[in-house]
Each structure stands twice: as structure tokens, then as C-alpha cells.
Amino acid sequence: MTRQLRRAAMLLCPSVLLYLAAGMCAAAEPAAEVAPGKTRNVVLIVSDGLRWQEVFTGAEEDLLNDSAGGSWLSDAELRKRYWRATPSERREALFPFLWGTVAKRGQIFGNQALGSIARVSNGKAFSYPGYNEMSTGSPNDAIDSNEFGPNPTPSVFEWLNQFDEFHGRVAIYGTWNVFENIFNQRRSGLVVQAGWKPPPKVGPPTPRDLLLRRLYATTTPLDEEDVDNSFLQVALLDYVKSAKPRVLFVGYGETDNWAHQGRYDLVLDSAHRTDGFIKELWETMQTLPQYRGTTTFIITTDHGRGSGLTDWKEHGVEQKGSENIWVAVMGPDTPALGERRDGPVLVQAQIAATLAALVGRDYHQAVARAALPIAQILH
Ligand SMILES: [Zn+2]
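Since this is a predicted model, take the numbers as computed values, not measurements.

J.: Give a detailed account of the layout of surface pockets, specifying residues and quantitative values.
T.: The computed volume of the largest pocket comes to approximately 410 Å³. Together, 16 residues line the largest pocket, and Pro199, Pro200, Lys201, Val202 and Asp238 are the ones closest to its centre. Mapped by element, the contributors of at least two residues to the lining of the largest pocket are β5 (191-194), α12 (207-218) and α13 (229-243). For the lining of the largest pocket, the leading source of residues is α13, giving four residues. Looking at the lining of the largest pocket, its residues break down into ten nonpolar, two polar and four charged.

This is the structure:
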């Protein structure tokens, strides 16, 4: 049942007490359903430029080599890690948490082979337009470069942060320093931890803090704008345990960078590790009373990429298929329908209102340009 229907059922009853007591109303809606959903915390997690092809079918055989895949690992080692006889075994080897837990307890969209289509609607299929679309709820044609600068459109994170119940408990943790612009840190006032800037520390630094700072300062960056995922993960887990955010964005970047470098072996390794980081975040949160049983994860990507022996490295209008993405959701309000097939086309812009709906807020009603939530993942 949708929240709107629940609200309508509530309105038919003169009060919550009567609603619970009156047989007529209780018959229409069990008392247990009165609450507006069980989700109290929501996390949007993105692995940059990670293709739906790898998510649904695992490693691609034609790229498990040096000639097309640019791999430094031997073919034998690469196959040992990621090659299996069937697509479902391959995807489970690559993403054990996504397929062993998320897809079993939640839902995953975007397997084009099953007729489930998820795509960007920004017409560009690169990063800033994608993060803008998913976080503001609509594409912005004016954003034509990752160097666009501060985002003029407030995101759903900024919108939620204005409510008392969320204020100061909305945070952006991402490897890419451009998130400071995408979420317009200066205007939004959100907590933003991004790029190679080490995480702030209140109080005297511990030896562990000093070591982390040293690694931030002395590691040679593959990309000066984008810190390695492993660095972000340390800062992220510390922040979650200490600040206990209610609404959180987590952006992992390596999967895009290694593809641009033409290193398919490292695309697979970083995809596999990202799956492990998401598992670690989920399990850490489940140990904390604030999050246990009341937290929903939305896991997705900002864009797809091309296909074939060369175009897997790049993405955009030139690389056919870059508009295709995937979206997975797991949490207490999402029916465990697993891998979805057919159904309406899901667009990236729906993610913003979905995130708000999970914590009981109607973003589409407040911001008319925002796309509707993904109804299938809400009770
Ligand atoms: Zn890219």
C-alpha cells in the first residue's frame, strides 16, 4: 500500500486512537500499517560509471586479457577471480553482497535482458549531469561539463536538511571533489567530505588520525580530483559512528577512473571492493541502534558506458548505451521482489523523490519539476 493510500485511510478515521480502535477502519488497514513506513535513515550510494552489464552478468570474457582489457594480471589469475560458467555465478563472484543480500532482500532494476530498463534522462551520460539528475529530481540542460561550477538547483539533500528532524544530519561523503559544487556546499551548508582533503578531526589527533592524514598527504593520486575509495571508507565509517546522519550520500569513484585508464582488471577489482565497502557500511550501521532495521540503501550509478572491445572505456553521447543504468534498493519498506523484469522504464530523476518518500517526505509535491518516486520499492 502506498503512503498516500495510508494517509487517505487515516483521514477517513477521526483520530489515530479511533483508527486503531474502530473495527471498520482497522479492517481497512491493519494497525501495524499506521506508521508512515519503517525507514528512518536513508543512504544513496553511487559507484561511478559502473555498467549494468557487469552488475547483471559479471565479468565480460572478451575483456579478460591484455589486448582489449588492458589487464596487467595474467589471464589465468583474472579468470580465477572473476570468470564463472554462468552469468549468475559471475555476478555473484563479482558482487557477493549485491547479489547475496541486496537482491535477495530488496529489488534491483536495469537488467535489459529481462526487459527492465533504467536510464538517465539528461541526454549526456557523464558525471555532473547524472549526479544532478538523481539528487535534484530533474535534468538540467545547462550542465554541459563537469567544470560547470556550483549547482544552481538545490538537491533533495539540501531540501531535507531544512526540516528540524534532519537538520545537521544530512551529509555528503564522496571521493570526488566536484561534489562540493554538485551539492553546492557553500549555499546548502551540508556536511561535505570530498576529494583529497583529509577528514576534519575535533580534539587532539590520535596516532591513527595522524597515519590517515599522512596517507592522504603522501599517496600519489591517479586523479587529483578523486581520492581512492579506501581512504573515503575510513572517514565515512568514523563519521557514521560519531555523527549518526539520517540522510547520507556516498560516492565511490574508482570504477569510472580505471575504465578510462583502460584497465579492465582494476575495474573488476574496484567494483568487487566497492561491493565490500557497501557491505561493510550496511553491517556497521546494523550494529548501531539508530540504524538497525530502520535504514534503506539505494545503490546506483551516475551513467553507463559504451560496449564492445573499445567503447567500454568511455561514456557519453558518442558511446551508444551510456544512458543505461541500474538501481538497487534494500530496506524495511521495500518488498523483497529481487531482480525485476519488464515494468515501466525507470529514470534516474526518480531517485530524489524516492529517497525523500522513504523518510516520509513528498519531494515531488514540494518541487513540481522533480520526477515521481519509484513506486515499486515503497510498500
Ligand atoms: Zn568518466
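J.: Please give an account of the side chain of Asp275 that cites residues and values.
T.: Structurally, the position occupied by Asp275 is in helix α15 (residues 264-286). Buried charge without a partner: Asp275 forms no salt bridge, and the closest opposite charge is Lys279, 7.9 Å away.

J.: Give a description of the pattern of salt bridges that names residues and reports values.
T.: Oppositely charged side chains are able to pair whenever their charged atoms sit close together. Enumeration over the complete set of coordinates arrives at 17 salt bridges. Here Glu60 makes a salt bridge to Arg51, at a shortest N to O gap of 2.8 Å. Residue class for Glu60 comes out partly exposed when judged on its relative accessible area of 22%. Salt-bridge contacts for Glu283 lead to Lys279; the nearest nitrogen and oxygen are separated by 3.3 Å. Taken as a pair, Glu283 and Lys279 lie in helix α15 at a separation of four residues, close to a single helical turn. Here the residues in one salt-bridge network are Glu77, Lys80, Arg81 and Asp269, joined through shared partners.

J.: Mind laying out the pairing of strand β1 (residues 41-47), listing which residues take part and the relevant values?
T.: The element β1 is largely enclosed, with a buried count of seven among its seven residues. Here β1 shows no split at all, with Asn41, Val43, Ile45 and Ser47 on one side and Val42, Leu44 and Val46 on the other all buried. Pairing between β1 and strand β7 (residues 295-300): six bridges, direction parallel. Considered in β7, the bridge of Val46 is made with Thr300. Pairing analysis gives six bridges linking β1 to strand β6 (residues 247-252), with the strands arranged parallel. Within the sheet, the bridge partner assigned to Val42 lies in β6 and is Val247.

J.: Break down the sheet that holds strand β2 (residues 107-109) for me, citing the residues and quoting the values.
T.: The strand order across the open sheet formed by eight strands is β5-β4-β6-β1-β7-β8-β2-β9, and the pairing between neighbours is mixed. With partners counted over all chains shown, the strands left at the sheet margins are β5 and β9 (338-339), one partner each. In this sheet, β9 lies alongside β2 in parallel orientation, the contact comprising two bridges. Following the sheet pairing, Gln107 is matched in β9 by Gly338. Contacts from helix α17 (residues 350-358) reach β1, β6, β7 and β8 (327-330) within the one sheet, and its direction differs from that of β7 by about 170 degrees.

J.: Any details on the nonpolar core? Residues and values, ideally.
T.: Counting residues in hydrophobic clusters, the biggest one holds 54 residues, and the most contacted among them are Ile45, Val55, Leu98, Val250, Leu281, Phe297 and Ile299. At nine residues, the largest contribution of residues to this core is made by α15. Core analysis: the next-biggest nonpolar cluster, separate from the first, contains 46 residues, Ile143, Val192, Phe249 and Leu355 among them.

J.: Explain the pairing of strand β4 (residues 170-174) to me, using residue names and the numbers behind them.
T.: Taken across its five residues, β4 has five buried, putting it largely inside the fold. Going residue by residue along β4, you find Val170, Ile172 and Gly174 tucked away on one face and Ala171 and Tyr173 tucked away on the opposite face as well. Pairing of β4 with β6, which is carried by five bridges, proceeds in the parallel orientation. Within β6, the residue paired with Gly174 across the bridge is Gly251. Direction of pairing for β4 relative to β5: parallel, over a ladder of four bridges. Opposite Tyr173, over in β5, you have Gln193 as the bridge partner.

J.: Outline the packing of aromatic side chains, supporting the account with residue identities and numerical values.
T.: A complete count under the given rule lists 20 aromatic pairs for this structure. Seen in terms of ring centroids, Phe179 and Phe249 are 5.1 Å apart; in terms of plane orientation they differ by 65 degrees. Their pairing is edge-to-face. Of this pair, Phe179 sits in helix α10 (residues 179-182) while Phe249 sits in strand β6, and the two are 70 residues apart along the sequence. Per residue, the accessibility class of Phe179 equals that of Phe249, and both read buried.

J.: Quick rundown of empty space enclosed by the protein? Include the residues and the values.
T.: In total, this model carries two cavities of 30 Å³ or more according to the counting rule given. The volume enclosed by the largest cavity comes to roughly 90 Å³. As for the largest cavity, its lining consists of Ser47, Leu50, Val55, Phe95, Phe97, Leu98, Ala271, Thr274, Asp275, Ile278, Ile299 and Trp326. Of all elements in the fold, only α7 (96-105) and α15 reach the threshold of two or more residues within the lining of the largest cavity. Here the lining of the largest cavity gets four residues from one element, more than from any other, and that element is α15. Split into classes, the residues belonging to the lining of the largest cavity amount to nine nonpolar, two polar and one charged. Empty space within the second largest cavity amounts to approximately 60 Å³. Forming the walls of the second largest cavity are Gly49, Leu50, Arg51, Glu54, Thr255, Ala259, Tyr264, Val267, Arg305 and Trp312. Residues belonging to the lining of the second largest cavity are distributed by class as follows: five nonpolar, two polar and three charged.

Thresholds, definitions, all that
- Residues numbered from 1 in each chain as written.
- Predicted model: local features only at pLDDT ≥ 70, side-chain atom pairs only at ≥ 80, totals over all residues.
- Heavy atoms only, no water.
- 1 Å grid on protein atoms, 1.4 Å probe; cavity = no way out; pocket = protein on both sides within 12 Å on 5 of 7 lines; lining within 4 Å.
- Points joined across faces, edges and corners; volume = space filled by probe spheres on them.
- Helix = DSSP H or I, 4+ residues; strand = E, 2+ residues; numbered from the N terminus.
- Nonpolar A, V, L, I, M, F, W, Y, C, P; charged D, E, K, R; others polar.
- Buried < 20%, exposed > 50% of the residue type's maximum accessible area, 1.4 Å probe, protein only.
- Lys, Arg positive; Asp, Glu negative; His and termini not counted.
- Salt bridge = Lys/Arg side-chain N within 4 Å of Asp/Glu carboxyl O.
- Pairing = 2+ DSSP bridges.
- Contact = heavy atoms within 4.5 Å.
- Axes fitted to C-alpha atoms, helices over the stretch in contact; angles between N-to-C directions.
- Core = buried A, V, L, I, M, F, W, Y, C linked by side-chain atoms within 4.5 Å.
- Phe/Tyr/Trp six-rings, centres within 6.5 Å; stacked < 30°, edge-to-face > 60°.

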